Amino acid sequence: MAILSGLFKLKRATGSEAADASEPELPFESKDGSPDVDLEKSSSLDKEDDSYDHPTDKTELTPMEALHWNVDGDQSPFPEVAACVPNTDDPTMEVNTFRMWVLNTVFVILFAGVNQFFSLRYPSLSLSYVVAQLLVFPIGRAWERLPTWRVGYGRFGFRINPGPFNMKEHAVIVICVNLTSGTAYAMGSLVAMTSPEFWGRDLGAGFGVCYIMTTQFLGLGLAGLARRWIVYPAALIWPSTLASTVLFKTLHQPQENEPANGWTITRYRFYFYTLVGSFVWFFFPDYIMTCLSTFAFVTWIAPTNQKVNTIFGMNSGLGLLPISFDWTVISYAGAPLTTPFWVTANCFAAVAIFYLFISPILYYTGAWYSDYLPLISSATFDNTGAKYNISKVVNEDYSFNLEKYEAYSPMYISMAYSISYGLNFAAITGIIFHTYLYNGADIWAKFKNSRDGGEDIHKRLMNKYKDVPDWWYLILTACTLGLGIFTIRYWDTQLPIWGFIVVAWGLGVVMIIPEGILEGTTNQRVFLNIITELIAGYAWPGKPFANMMIKFYGYNSIKHGLDFAMDLKLGQYMKVPPRTLFTAQIYSSVLAAAVQVGVFRWMLGNIENLCATDNTARFTCAGTRVVYNASLIWGTIGPQRLFQMGQTYSQIMWFFLIGVRFFPFYKAFGTHQAIDEQPVLVVVFYFLYKRYPNSWLRYVNLPIFFNSAGNIPPANTTQYSLWFIVGFIFNYYIRKRAFDWWKRYNYLFSAGLDTGVAFATIIIFFGLSYNNITFDWWGNTVSDNTYDSKSVPWRTVAKGTHFGPGPGEF
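The rules we used
Residues numbered from 1 in each chain as written. Predicted model: local features only at pLDDT ≥ 70, side-chain atom pairs only at ≥ 80, totals over all residues. Heavy atoms only, no water. Helix = DSSP H or I, 4+ residues; strand = E, 2+ residues; numbered from the N terminus. Buried < 20%, exposed > 50% of the residue type's maximum accessible area, 1.4 Å probe, protein only. Contact = heavy atoms within 4.5 Å. Areas by Shrake-Rupley, 256 points an atom, 1.4 Å probe, with all protein chains shown as cover. Axes fitted to C-alpha atoms, helices over the stretch in contact; angles between N-to-C directions. Parallel < 35°, antiparallel > 145°, perpendicular 65-115°, else oblique. Nonpolar A, V, L, I, M, F, W, Y, C, P; charged D, E, K, R; others polar. Salt bridge = Lys/Arg side-chain N within 4 Å of Asp/Glu carboxyl O. Phe/Tyr/Trp six-rings, centres within 6.5 Å; stacked < 30°, edge-to-face > 60°. Patch = residues over 30% accessible without salt bridge, like charges linked within 9 Å, V, L, I, M, F, W, Y side chains within 5 Å. Core = buried A, V, L, I, M, F, W, Y, C linked by side-chain atoms within 4.5 Å. pLDDT = per-residue confidence, 0-100.

Student: I tried to follow the overall build of the protein on my own but got confused; where do I start?
Tutor: Within the protein, the secondary structure is distributed over 33 helices and four strands. Here the protein, with 810 residues, has 60% of them falling under the buried criterion. Summarising the internal contacts of the protein: among those between residues at least 6 apart in sequence, 80% fall at separations of at least 24. Per element, the accessible surface of the protein, about 31,800 Å² overall, is 61% carbon and sulfur.

And the structure:
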């Protein structure tokens, strides 16, 4: 709290102070000022104007409308951006400073190392970038008190204290921490390969660093080459960046005094009060009275009624009365305050149709034998309803044994998991069709001319800086592909070169623009982890290492690419010189990869029984265990024994046609009507939209609709319902009724809630959970004995019997 209170005392750098501190610092700079600034294009600064009058302010534009909107004015035509992003720039601000590089190095090492260390522990801790965004600010201001000594000479010289800590330095540090602080997605597979508790194949630290770096850099190269389509257009506002930009604006710029629907409190005070309130309150649902987190009071009244618990439960049930006082639950499915409401509505429509309406019908009529399993569960099961025992179908070397498999059981998944697979398949083909139909002409036009469609004020202000040429990204991509080929061939990974190039990298090439346009406009992305496992399972059956490699190379080329594109957009909003940002991002990514692999190698040699289920320090590697099981399921058993014709879930493959062929209805209602002749829905809705462009159809986005519930499980319908309700209140009702309040405070409110929860999580973890300090009373145990908490299915299997096909029948 001393740090937080100190934020009020540290002075803000004025424009004149920033101008006085314009001397170049590092070798990248020239004597004429910032090396990234084209002084001939630089113009005098105008006073920032937050006032604007636009006829569509209170109406959310769809991506199709936004992409063709006039962006030539001196303010962004999109109210979200205009409210959160400064529309002026000071090109004399120093960014490439000694202070920036030191703080960047320290925070990347700290956050990457801490997050990697605790990622293998349960419960785990993850330091969010919003923590860095707040902590860096007082440290940067305190640095202003250091001597202004100069070290070195000429272009290799720099000042210890370059002057006032400015918004651009702050932004670069936070962008780099955001890009690298989270545990690398591929670390799960590296731990699974290396740990004796799993595959136990230690290929050494060199493999680890090469593997992590290549999985990260594939996406960086793709996103950089695609930035004219997924970063530069004004319509791609990347909503999730706006909570950060408004916080930068709050910390570094003067505060408004004009009333906003009667509210005169400054952004700074509003953010601080929200942060403190969020911090204090989070102790209640997370520790003092955890039943407030999932307030399923109906299940407390009837704890052993299976139907009541399935309908109203918030663990394995549908949560028909969604009540929660926990911000982490409310925002788990998505950020309700930063996601456009029409997007939230598309998502909830899918949840309502497929999960709240269809799934209980199919479940209680026994489709796919799902009534023997929990309605919502991410686990896999055998034909007795028990968790699937992988060890019963593999040999000692973990190769698949068909005879053991036929003597044991097929694999079964919950109804929610089945639907999630089907919707994910539909979303993958849907996004390709959708992008071609809705955005194909714009993509081609941008290919011919990167400035087609106009440039908004923020892109025009960036034109004064020297851009990163495409050949830099081409070299980065070529080097990454070369290092990737070396990695998969020098070490035995089971993955052929063509698989790495054609499948993993090729998937990224095909999907980076559709995925980037989708997330840049809607705050949503299509999950590709399942499709990569499916492809690898068919291409290399019985090779779990190849399956893991394709999953993490293929999926991460998109995941990390989108993260990089989002940070490029944030850099554009903050007017950070592109070449400085590029250098900092590459440096931070290499540094974080080395740190995370180093931390894991240290843990492997110094923590006894690392990843064992009985580890005394609770370093059980729960997330890695999921990766390991997935490699056995998809790589060893193979998808053909789940989805091939004649298998239990073969009908799900029809979702790829986006005709949504509901074979389970045939079993449920005894009909074999040929409803699979439905046309592809994306094409149908596109032509309906073209015929009725001003109707509600313009808000229908089928990739979002199909993909929205792709996180169920482990998410549940309760979290999606709460996301929709809060999104409706803030981004529909308040936006229409108190638009000025919404412009000033909405995104800041989201940032304050996130930051307060992040700091409270750290205190609770280190002060209480890590020391096994519990609070045992009714408010924390009331839901423990409900059928919802225990995931009790509708039907049970008598001892010695089974459901579905028996041994030798599948």
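Having seen it, we continue.
Student: Got a minute to help me understand the side chain of aspartate 563 in this structure?
Tutor: For aspartate 563, the location among the structural elements is in helix H23 (residues 544-573). Sequence-distant contacts of aspartate 563, defined by excluding residues within four places in its chain, comprise Leu179 and Arg525.

Student: How should the packing of helix H18 (residues 415-448) against helix H21 (residues 497-522) be read in this particular structure?
Tutor: Relative orientation and spacing of two packed helices are given, respectively, by the angle between their axes and the distance between those axes. Taken N-terminus to C-terminus, the directions of H18 and H21 make an angle of 85°; their axes are 9 Å apart at the nearest point. One finds that H18 runs roughly perpendicular with respect to H21. Side by side, H18 and H21 meet where Ile428, Ile431, Ile432, Thr435, Asn439 and Ile443 of the first sit next to Met511, Ile513, Pro514, Glu515, Ile517 and Leu518 of the second. Residue classes in the contact of H18 with H21 are distributed as nine nonpolar, two polar and one charged.

Student: Looking at this structure, I do not really get the pattern of salt bridges. What am I missing?
Tutor: A side chain with one charge may pair with a side chain of the opposite charge, provided their charged atoms come close. Counted under the stated rule, the structure contains 18 salt bridges. With a shortest N-O distance of 3.9 Å, aspartate 89 and lysine 464 are connected by a salt bridge. On the criterion of sequence distance, the pair formed by aspartate 89 in the loop between helix H4 (79-84) and helix H5 (98-119) and lysine 464 in the loop between helix H19 (457-462) and helix H20 (470-490) is long-range, its members being 375 residues apart. On the basis of relative accessibility, which here comes to 3%, the residue lysine 464 falls in the buried class. Between arginine 227 and aspartate 467 there is a salt bridge whose closest N-O contact spans 3.8 Å. Linking arginine 227 in helix H10 (residues 227-230) with aspartate 467 in the loop between H19 and H20, this pair joins segments that are 240 residues apart in sequence. Because the salt bridges share partners, they merge into one network encompassing Glu519, Arg525, Lys559 and Asp563.

Student: For this particular structure, what's the right way to read the environment of isoleucine 535?
Tutor: By secondary structure assignment, the location of isoleucine 535 is in helix H22 (residues 529-539). Residue classification places isoleucine 535 among the partly exposed positions, given a relative accessible area of 33%. Put simply, isoleucine 535 and proline 639 are 104 residues apart on the chain and 8.8 Å apart in space, counted from C-alpha to C-alpha.

Student: I tried to follow the packing of aromatic side chains on my own but got confused; where do I start?
Tutor: The description of two aromatic rings rests on the distance between their centres and on the angle between their planes. For the coordinates displayed, the defined rule picks out 69 aromatic pairs. Here the aromatic rings of tryptophan 199 and phenylalanine 545 are separated by 5.4 Å at their centres, their planes lie at 50°, and the arrangement is tilted. Of the two residues, tryptophan 199 is situated in the loop between helix H8 (187-194) and helix H9 (205-225) and phenylalanine 545 in helix H23; the sequence distance between them amounts to 346 residues. You'll find tryptophan 199 and phenylalanine 545 in the same group, each marked buried.

Student: Help me out: how do you make sense of a nonpolar patch on the surface in this one?
Tutor: Together, Ile725, Phe728, Ile729, Tyr732 and Tyr733 make up an exposed nonpolar region whose accessible area comes to about 430 Å². Tracing the backbone shows phenylalanine 728 in helix H30 (residues 717-737).

Student: Quick question: what am I supposed to make of unusual backbone geometry here?
Tutor: Residues other than glycine predominantly adopt negative phi, and peptide bonds predominantly adopt the trans conformation. Phi angles above zero are rare outside glycine, and tryptophan 368 is one such case at about 55°. Among the residues examined, tryptophan 368 registers a relative accessible area of 5% and is labelled buried. In this structure, asparagine 609 is a non-glycine residue whose phi angle is positive, near 55°. By the secondary structure assignment, asparagine 609 is in the loop between helix H24 (578-606) and helix H25 (622-637).

Student: Would you take a moment to explain the nonpolar core for this structure?
Tutor: The nonpolar side chains of soluble globular proteins are, as a tendency, buried together. Counting residues in each nonpolar core, the largest one holds 232 residues, and the members touching the most others are Tyr211, Ile212, Ile230, Tyr355, Leu528, Leu610 and Ile712. With 16 residues, the single largest contributor to this core is H23. Those residues in contact with isoleucine 712 that lie beyond four places of it in its chain are Val351, Tyr355, Ile376, Ala416, Ser420, Thr717 and Tyr720.

Student: When you look at the packing of H18 against H22 in this model, what are you seeing that I'm missing?
Tutor: Viewed as axis vectors pointing N to C, H18 and H22 meet at an angle of 90°, and their least axial separation amounts to 9 Å. Accordingly, the angle class assigned to the pair H18 and H22 is roughly perpendicular. In contact with Tyr421, Asn424, Phe425 and Ile428 of H18, H22 contributes Ile530, Ile531 and Leu534. Looking at the contact of H18 with H22 residue by residue, the classes come out as six nonpolar, one polar and no charged.

Student: Please clarify how the environment of glycine 113 should be interpreted in this entry.
Tutor: Note on placement: glycine 113 falls in helix H5. Note on glycine 113: relative accessible area 12%, which makes it buried. Separated by 479 residues in the primary sequence, glycine 113 and alanine 592 have C-alpha atoms spaced 7.9 Å apart.

Student: Even after reading the chapter, I still don't get the confidence of the model for the protein, so can you show me in this structure?
Tutor: Predicted coordinates in areas of low pLDDT are best not read in detail. In the predicted model, the protein carries a mean pLDDT of 83, and the fraction of residues at 70 or more is 89%. Within the protein, the lowest mean pLDDT, 34, falls on helix H2 (residues 15-20), and the highest, 94, falls on H20. Between residues 1-56, whose pLDDT stays under 50, and residues either more than four places distant or in other chains, the model counts 126 contacts. Throughout residues 659-679 the model reports pLDDT below 50, and contacts reaching past four residues in sequence, or to other chains, amount to 37 contacts.

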